[in-house]
Amino acid sequence: MQVAARLADIPAELPAALQDSAPRVLSISTFVAETLVRQPEALLARLADPAPVSADSLESERILADASEPEAMAILRRRRQVELAAIAWRDIAGLADLDHTLADLSELADGMIRIALQKAVALLEPRFGQPGPLLILAMGKLGGHELNFSSDVDLILVFPDPEPGEMDNSEMYFRRVSQRLIKLLDERTADGIVYRVDTRLRPFGNSGPLALSLGALESYLVQHGRDWERYAYIKARLVTGSDHAVEVFDHVLTPFVYRRYLDFGVLEAMRQMKRLISQDVVRKDKHDNIKLGRGGIREIEFIAQLFQLLRGGQEPGLRSRNLLFVLSELARSGVMDGARAEELAESYRFLRVTENRLQALDDRQTHKLPQDDGQRLRLAYAMGYESWQVFDEALAAHRDRVQRAFDEFHWQEGEEAETDSYFAAWEDGRLGEGDDETYLKPLNQLRQSGLFRRMDEISRQRLSAFVSALVPVLESHERRDEVLERILPVIRSICRRSAYLSLLLENLSALERLLGLAEQSAMLARLVAEHPILLDELLDARLFDSAPTRDEIEQALERQVAHVANDDEEGLLNAMRDFQRAAVFRVAIADRFGGLPLMRVSDRLTDIAELVIHLGLETSRRRFQEKYGVPMHGSGDALAESGLIVVAYGKLGGLELGYGSDLDLVFLHDSTGQVQATTGPTVVDNQRYFVRLVQRLIHFLSIQTSSGRLYEIDTRLRPDGASGMLVASLASFERYQREEAWTWEHQALLRSRPVAGPPALCEEFARIRVETLTRHVRQEDLRQEVAKMRRRMRQELATGTANRFDLKQDAGGLADIEFLIDYWVLSQASEYPSLVEYPDNVRQLEALEAEGLVAAETCASLKADYLALRAQTHELALSDGGRLVDPEPFETLRQRIKALWEETFGEPPA
């Protein structure tokens, strides 16, 4: 009867397409029915157009262009009613799913806000002109593009930093335009409101300025920003001012919300927020509130956003404003069980549909379930259930599921630190006073240091809790005094970045791993102290079980740089340094704990360097082409693009890179012909272009930043050494190698290979290398020159003594083996080209054996000795032990090598 009455009140005939759905929609929503009575033509026109309203379409209509302020307010309110009623009709009739409904509601709000801002600016223009754009940040549901039917819109109003001298005027203007905007949207008239506007999330809340500059927002967040504000800004989205997105997000909000490390420091703040939520539910009796009550929407949002704060700094995929997408990412990355994520997503959809249908009944902002039987039946019917009881049972099942998840997710409080005896001893300055605890005295000294006094109170509390957790773990180590000595620099390093203290407190297994690696390797402990971000790696239990593959290392680099803006060079440099440190760290742990074979260690260290060089070259090349265009060469119309290759020499070239090795690099291009210049906009000759490109690449690889330095770069192996050109052409390089190179330069060429650049140029270098080594080595004085160079190196570089053996440069060391292989290969390569196929010592030695040029027993013995010495250098590197060792264990090995040297060169190694 009620539906029939409502249909009778409509002053227009419903189209056939709507007649089937009308009884359901009009029986459920009084708001839709009243809108159809008041504005039948407008609503029916909107329902006849299946395309939902968009912010852009509303702006393009210019519906407020010539209206006065009162007229504009009326137009906005009536238009909002029509659009909202059309969205409600499609939703209730089952013509749109939840995702489309939320998107339509959000687009409608965006459009209304934008055209209201245009009107506010127009109203003030006669007096103020247009000093600049107002940047409207949508927060909450609107920020997440998840607005419901009768929601407030949470806005923060910001304007770009004004030019000097304009501050007072611009602040006044933007305050006025913000006030007009809010009035247009929020003031209640005979037609109601457009949206309730809530600006309390702005800096300093209601006591802060209504609109503030972007610089003031950044300053506030740096100095005063709290964890709950980080939680709130996850949803922040620009409704206006998209041209300023880089300034707003990359420079201000993203660094504030997301930490570069796994942010376990946020857990305690989130625990406090959870306690407040739970207390709020009990205290205010929100059982019937589907948003704020137990198992409600807020609890699902809380779970998802906790993980966003915790891990979003390292996993850009978690930075989405869309909750359902975040849940799927948590499942995909293994952070959350897939079944649990799906359950939460299902419950979220159910609760949000319930919320929308509840608010669509009468266009009221409510989250409370109705108490009236009639209203209950309408809501159940709107949700597709035959009775309130059946709907209520389904709702209760979803809320129970959400409540269990909320209670179970990482909220264990653990024992209170105050009950811990070690905590009390630390607080009283008594650590290390017991007969068996003297090794703990350095911790007391830390507590009495200026560093501790300068820490803020939260950091001090976390350090106290950390020490009480650390001491029991230390006691399980036999060399606990040495372990503590090695991790003290780590503790000092993270004292003022206390999120890392929280990371170790929340993950005692990571603390165990830290102490284990400190016990085994001084170098690994030092790396963590210098780069605390490496602590994040200790969260992965697989770290100690398996070595990364090249593919995994490459994927890690892609993830590390994926979130860096194209124009953020400093960010890219820091991201690459973080990647390189973490990758070397993982390799070193696999070396020390996982039994990774020596040659595989060098392979992985080589992979890391190659990937960094390749990315550095490509990044530098792209930047240069924006300024200089493409380098071209040739004659007349027959022009071709010129390319550059990076050639690795030494340890990188020979696939034998070690920890901390320099990179010996040579740079070659293929530019020839009458025309050798770039295409512009700035035109330079190719030689100058490539020199600048290489200088930038070297700068990229070796500059010291806040994250450290990637590599030391040595370019002295280029033709003519330090006096030669930084970049040479392949043609001049070939001529030099053929006509002018010294024997030691041909020795260096043995350990060379291209590591970056166009494949065709790399193949050309390989041809030049093989031809040089097989046809242009001076055989007449080869033996004398090799022996002479070795004597000179030993005199200048050896650091051994009678009691200490220099593994590399002393007689019977690594360099002697390398020079023996050099001589054997260079003396026979003209007849046996297979000897120079590979650039590394081991495979060249194997080739000598395969060709029958060196006895198999000699090759096997020399290979074993070579690998043993290299393994010892790696061992010393992991222990920060230099390259000097006790000579006695190596005496037999050295005698074998010395004898082989004398047999080959006719003289003992001096």
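Below, the structure is looked at part by part.

Reading the values: rules and limits
- Residues numbered from 1 in each chain as written.
- Predicted model: local features only at pLDDT ≥ 70, side-chain atom pairs only at ≥ 80, totals over all residues.
- Heavy atoms only, no water.
- Helix = DSSP H or I, 4+ residues; strand = E, 2+ residues; numbered from the N terminus.
- Buried < 20%, exposed > 50% of the residue type's maximum accessible area, 1.4 Å probe, protein only.
- Contact = heavy atoms within 4.5 Å.
- Phe/Tyr/Trp six-rings, centres within 6.5 Å; stacked < 30°, edge-to-face > 60°.
- Lys NZ or Arg CZ within 6 Å of the ring centre and 35° of its normal.
- Pairing = 2+ DSSP bridges.
- Axes fitted to C-alpha atoms, helices over the stretch in contact; angles between N-to-C directions.
- Left-handed = near helix turned anticlockwise from the far one by under 90°.
- Nonpolar A, V, L, I, M, F, W, Y, C, P; charged D, E, K, R; others polar.
- Salt bridge = Lys/Arg side-chain N within 4 Å of Asp/Glu carboxyl O.
- Arc of directions from axis to C-beta.
- Core = buried A, V, L, I, M, F, W, Y, C linked by side-chain atoms within 4.5 Å.

A short note on the overall build of the chain
Now for step 1: Secondary structure summary: the chain contains 40 helices and 15 strands in total.
Now for step 2: Reported as C-alpha extents along the three principal axes, the dimensions of the chain are approximately 115 × 85 × 60 Å.
Now for step 3: Among the 910 residues that make up the chain, the fraction classed as buried is 55%.
Now for step 4: Within the chain, contacts between residues separated by at least 24 positions form 74% of all contacts whose residues are at least 6 apart in sequence.

Quick look at the packing of aromatic side chains
Now for step 1: Under the defined criterion, the tally for this structure stands at 19 aromatic pairs.
Now for step 2: Considering the side-chain rings of Phe733 and Phe765, the 5.7 Å spacing of their centres and the 35 degrees angle between planes classify their relative orientation as tilted. Pair noted here: Phe733 is in helix H33 (residues 730-739) and Phe765 is in helix H35 (residues 759-775), with a separation of 32 residues, a long-range link.
Now for step 3: Site record: aromatic cluster; members linked through ring pairs are Phe128, Phe159, Tyr173 and Phe174.
Now for step 4: One cation-aromatic arrangement involves Arg319 over Tyr258; the distance from NZ or CZ to the ring centre is 5.3 Å.

Looking at the environment of Ile768
Now for step 1: For Ile768, the location among the structural elements is in helix H35.
Now for step 2: Each residue touching Ile768, except ones within four places of it in the same chain, is listed here: Leu730, Phe733 and Glu734.

Section: unusual backbone geometry
Glycine aside, residues mostly have negative phi, and peptide bonds are mostly found in the trans state.
Now for step 1: With omega at 20 degrees, the peptide bond leading from Gly680 into Pro681 counts as cis.
Now for step 2: One non-glycine residue with positive phi stands out, namely His145, at about 60 degrees.
Now for step 3: With respect to the helices, strands and loops of the structure, His145 is situated in the loop between helix H9 (140-143) and strand E2 (153-159).

Quick notes on the sheet that holds strand E6 (residues 631-635)
Now for step 1: Read from one edge of the open sheet, three strands run E7-E6-E10, paired in antiparallel fashion. Of all the strands in the sheet, the pair left with one neighbour each is strand E7 (638-641) and strand E10 (675-678). Strand-to-strand, the axes of this sheet are offset by a mean angle of 25 degrees, without reference to chain direction.
Now for step 2: When E6 meets E7, the two strands line up antiparallel, connected through four bridges. Bridge pairing in E7 places Gly634 opposite Leu639.
Now for step 3: Against the sheet, helix H32 (residues 686-702) touches E6 and E10, its axis set at about 150 degrees to E6.

Some thoughts on the packing of helix H29 (residues 569-593) against helix H39 (residues 856-878)
Now for step 1: One way to put it is that H29 packs onto H39 with a least axis distance of 11 Å and a crossing angle of 115 degrees. The interaxial crossing formed by H29 with H39 has left-handed handedness. The segment H29 lies against H39, with Ala588, Asp591 and Arg592 engaging His874, Glu875 and Leu878.
Now for step 2: Class assignment for the residues of the contact of H29 with H39 results in two nonpolar, one polar and three charged.

Considerations on the side chain of Gln39
Now for step 1: Mapped onto the elements, Gln39 comes out in the loop between helix H4 (30-38) and helix H5 (40-48).
Now for step 2: Once you skip the residues sitting within four places of it in the chain, Gln39 turns out to touch Arg78, Gln81 and Val82.

Quick notes on helix H25 (residues 499-506)
Now for step 1: Among the eight residues in H25, six count as buried, and that is most of the element.
Now for step 2: Along H25, the residues that are buried comprise Ala499, Tyr500, Leu501, Ser502, Leu503 and Leu504.
Now for step 3: Tucked inside the fold, the buried residues of H25 contact helix H23 (457-474), helix H24 (480-494) and helix H26 (508-520).

A short note on the pattern of salt bridges
Now for step 1: One pass over the structure, following the stated rule, counts 53 salt bridges.
Now for step 2: The residue Asp816 makes a salt bridge to Arg794 at a minimum N-O spacing of 2.8 Å. Of this pair, Asp816 sits in helix H37 (residues 814-828) while Arg794 sits in helix H36 (residues 782-797); the two residues are 22 residues apart in sequence, bridging distant segments of the chain.
Now for step 3: A relative accessible area of 0% means that Asp816 is categorised as buried.
Now for step 4: Classification of Arg794 by relative accessible area gives buried; the value is 8%.
Now for step 5: Within this structure, Arg550, Arg604, Asp607, Glu610 and Arg753 form a network of salt bridges that share partners.

Some words on helix H11 (residues 214-224)
Turn by turn, an α-helix covers 3.6 residues, leaving residues three or four places apart pointing in a common direction.
Now for step 1: Leu214, Leu217, Tyr220 and Leu221 are the residues of H11 that are buried. Each buried residue of H11 sits inside an arc of 120 degrees when the element is viewed along its axis, so together they form one side. Opposite the buried face of H11, at more than 90 degrees from it, the exposed residues are Val222 and Gln223.

Here we look at the nonpolar core
Now for step 1: Tyr233 and Leu253 are the most contacted members of the largest nonpolar core, which totals 130 residues.
Now for step 2: Broken down by element, the residue count for this core peaks at 14 residues, all from helix H8 (residues 98-128).
Now for step 3: Judged by nonpolar contacts, the second largest core, of 104 residues, contains Met523, Leu557, Leu663 and Tyr711.

On their own, these measurements won't tell you what the molecule is for.
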